[in-house]
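Breakdown of the fold
Next come the chains, spelled out residue by residue.
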Amino acid sequence: MVVWSRAVVRWRYRATNLTRSFCYKPHENNLKVVPPASCGEANKGRNVQWVFLGCPGVGKGTYAARLSKLLGVPHIATGDLVRHELSSHGPLASQLVDIVNRGQLISDEIVIDLLSKRLEAGEAKGETGFILDGFPRTIRQAEILEGVTDIDLVINLKLREDALIAKCLGRRSCSKCGGNYNVACIDIKGEDGKTRMYMPPLLPPPHCETKLVTRSDDTENVVKERLRIYHEMSQPVEDFYRMRGKLLEFDLPGGIPESWPKLLQALNIYDDEDKKSAAA
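Summary of the structure given here. (Residues numbered from 1 in each chain as written. Predicted model: local features only at pLDDT ≥ 70, side-chain atom pairs only at ≥ 80, totals over all residues. Heavy atoms only, no water.)

**Regarding the sheet that holds strand β8 (residues 130-133)**
Note the following rule: Strands are labelled as partners when DSSP assigns at least two bridges between them. Strands are runs of DSSP state E lasting at least 2 residues, helices are runs of H or I lasting at least 4, and numbering of each runs from the N terminus. Lines fitted to the C-alpha atoms define the axes, with helices restricted to the stretch that makes contact. Angles between their N-to-C directions range from 0 to 180 degrees.
One open sheet accounts for five strands, arranged β7-β8-β6-β9-β15; its pairing is parallel. Only two strands of the sheet have a single partner each, and these edge strands are β7 (75-77) and β15 (247-251). Looking at each pair of strands side by side, their axes are set apart by 20° on average, direction ignored. Note: β7 against β8, three bridges, orientation parallel.

Put into structure tokens, the structure is as follows:
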């Protein structure tokens, strides 16, 4: 059984012909996940298996990583798998460099191969459950994934396009520690002309300021091309999970301080640590 030490989670997602629920009962000083009988034998003794969808730059990695830490499940980002392969100078590296620099989506075969290796490595280490970030991106990938594992919930993050482009162009990472930051300060009028979307920059600590680098594919032309391709291919994937009653669509209202608690609320997740921090 997987032990939960921080979060008190009550999650129930219902749709026609589908009921998925996880209840959490105290065990000594911690909490354990106890899937109900309705979830079937396959779900017993394992953690949640969720997918994050959303345009490039929407923040899938940020929110998936936070949930990963909160829930104690591995965060598997296909973008990270690709970047690791690029840095390893392996047999796929030269092929991937050309694809990434042109802003094109990587083929199903390559992504599935990288993901399969990661899942196998995790299983060998005793990992259970996962939060997938950036996969599946095509119907074929979704069908393959459905054939090998049971996805409980698909979270589709949405953000207006002008904010997305600004976020992508502001992305930076530390070449030494690998930390991810964003130097863009987004302050946009709402569609009603009155409300605003405000997303403050996520600035690095002083010791990282001189080591910031920009991704080679974060140029305006490449970002717009990535978004165009994504929109063309994402709708069928969203429909695939919507028809199965597994899609949760979440419009980001602003930056992390505003969006994070609302996302937890949408997921019916209650974080005791956040409550204690707010009360302090």
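**Some words on the packing of aromatic side chains**
Pairs of aromatic rings are described using the distance from one ring centre to the other and the angle between the two planes. Going by this rule: Each aromatic pair joins two rings of Phe, Tyr and Trp (for Trp, the six-membered one) with centres within 6.5 Å, and gets the label stacked for planes under 30 degrees apart, edge-to-face for over 60, and tilted for any other angle. Throughout this description, buried means an accessible area under 20% of the type-specific maximum (1.4 Å probe, protein chains only), exposed means over 50%, and partly exposed covers the range between. The rule for a charge over a ring is simple: NZ of Lys or CZ of Arg within 6 Å of the ring centre, and within 35 degrees of the ring normal.
Counted by the stated rule, this structure contains two aromatic pairs. Ring centres of Tyr-63 and Trp-260 lie 6.5 Å apart, and the angle between their planes is 25°; on these two criteria the pair is classed as stacked. Of this pair, Tyr-63 sits in helix α1 (residues 60-71) while Trp-260 sits in helix α8 (residues 256-266), and the two are 197 residues apart along the sequence. Each member of the pair Tyr-63 and Trp-260 is classed as buried. When the centroid spacing of 5.0 Å and the interplanar angle of 85° are considered together, the rings of Phe-240 and Tyr-241 count as edge-to-face. The residue whose ring lies beneath Arg-66 is Trp-260, and the NZ or CZ to ring-centre distance is 5.4 Å. The ring of Phe-240 has Arg-244 sitting right over it, with the charged end atom 3.6 Å from the ring centre.

**Things to note about the layout of surface pockets**
Taking a probe equal in size to a water molecule and rolling it over the atoms shows the remaining empty space. Defined as follows: With a 1 Å grid laid over protein atoms only, a set of points is called a cavity when a 1.4 Å probe fits there but cannot get out and a pocket when it is open yet has protein on both sides within 12 Å along at least five of seven lines; lining residues have an atom within 4 Å of a point. Grid points are joined across faces, edges and corners, and a volume is the space filled by probe spheres set on the points. All amino acids are sorted into three groups, where Ala, Val, Leu, Ile, Met, Phe, Trp, Tyr, Cys and Pro are nonpolar, Asp, Glu, Lys and Arg are charged, and the leftover types, Gly among them, are polar.
By volume, the second largest pocket is sized at about 440 Å³. In terms of lining, the second largest pocket is formed by 20 residues, of which the most central are Leu-119, Glu-123, Phe-130, Val-148 and Thr-149. The greatest single-element share of the lining of the second largest pocket, amounting to seven residues, is contributed by helix α4 (residues 108-124). Of the residues that constitute the lining of the second largest pocket, the class distribution is ten nonpolar, six polar and four charged.

**Focus on the pattern of salt bridges**
What counts is decided by this rule: In the sections that follow, a salt bridge refers to a side-chain nitrogen of Lys or Arg positioned within 4 Å of a carboxyl oxygen of Asp or Glu.
Here the structure, examined in full by the defined rule, presents 20 salt bridges. Two residues, Lys-117 and Asp-113, come together in a salt bridge whose shortest N-O distance is 3.5 Å. Residue Lys-117 and its partner Asp-113 are both found in helix α4; the two are separated by four residues, about one turn of the helix. Between Asp-218 and Arg-171 there is a salt bridge; the shortest N-O distance is 2.9 Å. A residue pair is termed long-range when its members are at least 10 positions apart, and Asp-218 in the loop between β14 (212-213) and α7 (220-243) and Arg-171 in strand β10 (residues 171-174) qualify at 47 residues.

So yeah, pure geometry; function would need other evidence.
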